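Read off the chains here:
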Amino acid sequence: MARCYQEFNPAAYLQYNYTPPRADFSRNDSIVPWKLRCLHEAFTEGDVGGETLLDVGTGPTLYQVLSGCELFGRVVLTDFLDVNRRELRRWLGDEEGRFDWTPYLKHVCKLEGRGPSAWREKAARLRSVVTEILPIDVHQPSPLSPGALPSPGADCLVSSFCLESVSPDLASFTRALGHVSALLKSGGHLLLIGALGESYYMGGPGVRIPVVPLDEAQVCTSLRVNGYTLIDLRIYTLPPDMRVGVDDVTGIFFAKAKKM
Ligand code: SAM
């Protein structure tokens, strides 16, 4: 799998998945608004909190921490690839050529019932609470370097489209979930987003990355065998016009679970 990622192109990946129609904020049935709503609701139900939020396999994207950054004083981003960690640093450092997350910031502020100019405060908040952008390998029993997190683990773990996109089969997916779960404290929450029925996605022009096709039952079983109690599971089925030829995903799952 590591070889498949050598040619991963962050700019192309962002263009394929994080611009319209998949990120069309005027539509409720567009993929990104659905994901942002799930995250917003999961983070505002009152049961999630603490000091450290860990995002596993952040990639070049920041949408998945836009709600959580309001609740945690320390947000740790991680990715296997240096090109993705650099892309994140470009936005955090307000550097030239950064991806424009403004429509995302505005949309999440709207979900939070905040006024039209609050997005600037959210951007500043995110820039202030992201304390680290670390290398990670979910196939290692200790995915982060030792001492990267406080010893009981993170209070909350988010991961979106990572585990199934880096695992050759279901056993590897379940094992990787076990590895990252060791980074979460007991009683902590996991918010896991991923692809259903997907066998590949494009990580750039001509860069075909294999994915383990999952179904809902397999996701639930992997969570259970890794010691989670499922709190919420939501499924999104892609409308035909979201199938834009950059993958063969049929649906998306959003799971909120508690580590027992
Ligand atoms: N989280 C982002 C999102 O929601 O769009 C990116 C998901 S992308 C499909 C999969 C990510 O997994 C890529 O950023 C890739 O660099 C990362 N990755 C590849 N191999 C990995 C590994 N062994 N451990 C952790 N992450 C890995």
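Refer to the preceding data block for the structure.
First, a word on what this report is: a plain description of the structure on this page. (Residues numbered from 1 in each chain as written. Predicted model: local features only at pLDDT ≥ 70, side-chain atom pairs only at ≥ 80, totals over all residues. Heavy atoms only, no water.)

**Some points on the packing of aromatic side chains**
The following threshold applies: Two aromatic rings from Phe, Tyr or Trp, using only the six-membered ring of Trp, form a pair when their centres are within 6.5 Å; if the ring planes differ by under 30 degrees the pair is stacked, by over 60 it is edge-to-face, and anything between is tilted. Two conditions define a charge sitting above a ring: the NZ of Lys or the CZ of Arg must be within 6 Å of the ring centre, and it must be within 35 degrees of the ring normal.
Scanning all chains against the criterion turns up eleven aromatic pairs. An aromatic cluster of at least three residues, connected via ring pairs, comprises Tyr-5, Phe-8, Tyr-13, Tyr-18, Phe-25, Tyr-63, Phe-99, Trp-101, Tyr-104 and Tyr-201. Stacked on the ring of Trp-91, the Lys or Arg Arg-127 has its end atom at 3.8 Å from the ring centre. One residue, Arg-208, lies across the ring of Tyr-200, its end atom 3.8 Å from the ring centre.

**Topic: the site of the ligand**
This is how it is decided: Throughout, near means a residue has at least one heavy atom within 4 Å of the molecule or strand. Two N or O atoms count as a polar contact when they lie within 3.5 Å, although within protein this holds only if one can serve as hydrogen donor and the other as acceptor, and sequence-adjacent residues are included solely when both atoms are side-chain atoms. Residues are grouped as follows: Ala, Val, Leu, Ile, Met, Phe, Trp, Tyr, Cys and Pro are nonpolar; Asp, Glu, Lys and Arg are charged; all remaining types, including Gly, are polar.
Residues in contact with the ligand amount to 23 residues; listed here are only the nearest, Tyr-13, Tyr-18, Tyr-63, Asp-79 and Ser-160. In the environment of the ligand, an oxygen atom lies 2.7 Å from a nitrogen or oxygen atom belonging to the side chain of Asp-79. One of the side-chain nitrogen or oxygen atoms of Ser-160 is found 2.8 Å away from an oxygen atom of the ligand. Along the lines of polarity and charge, the residues of the shell around the ligand split into twelve nonpolar, nine polar and two charged.

**Brief notes about the sheet that holds strand 9 (residues 251-259)**
Selection rule: Criterion used throughout: strands pair if DSSP finds at least two bridges between them. Secondary structure counts use DSSP, requiring at least four H or I residues in a row for a helix and at least two E residues in a row for a strand, with both numbered from the N terminus. Helix axes are fitted to C-alpha atoms over the stretch in contact, other axes to C-alpha atoms as well, and angles between N-to-C directions run from 0 to 180 degrees. Here, two residues are considered to be in contact whenever any of their heavy atoms come within 4.5 Å of each other.
Taken in spatial order, the seven strands make up an open sheet running 3-2-1-4-5-9-8, and their pairing is mixed. Of all the strands in the sheet, the pair left with one neighbour each is strand 3 (130-135) and strand 8 (228-237). The mean inter-strand angle of the sheet, taken between neighbouring strand axes irrespective of direction, is 15 degrees. Here strand 1 (residues 52-56) runs beside strand 4 (residues 154-160); their pairing, made up of four bridges, is parallel. If you follow Leu-53 over to strand 4, its bridge partner there is Cys-156. Across the face of the sheet, helix 5 (residues 118-129) comes into contact with strand 2 (74-79) and strand 3 while running at roughly 55 degrees to strand 3. Most of the contacts of helix 6 (residues 170-181) go to strand 5 (residues 184-196), to which it runs at about 145 degrees, and overall it touches strand 1, strand 4, strand 5, strand 8 and strand 9.

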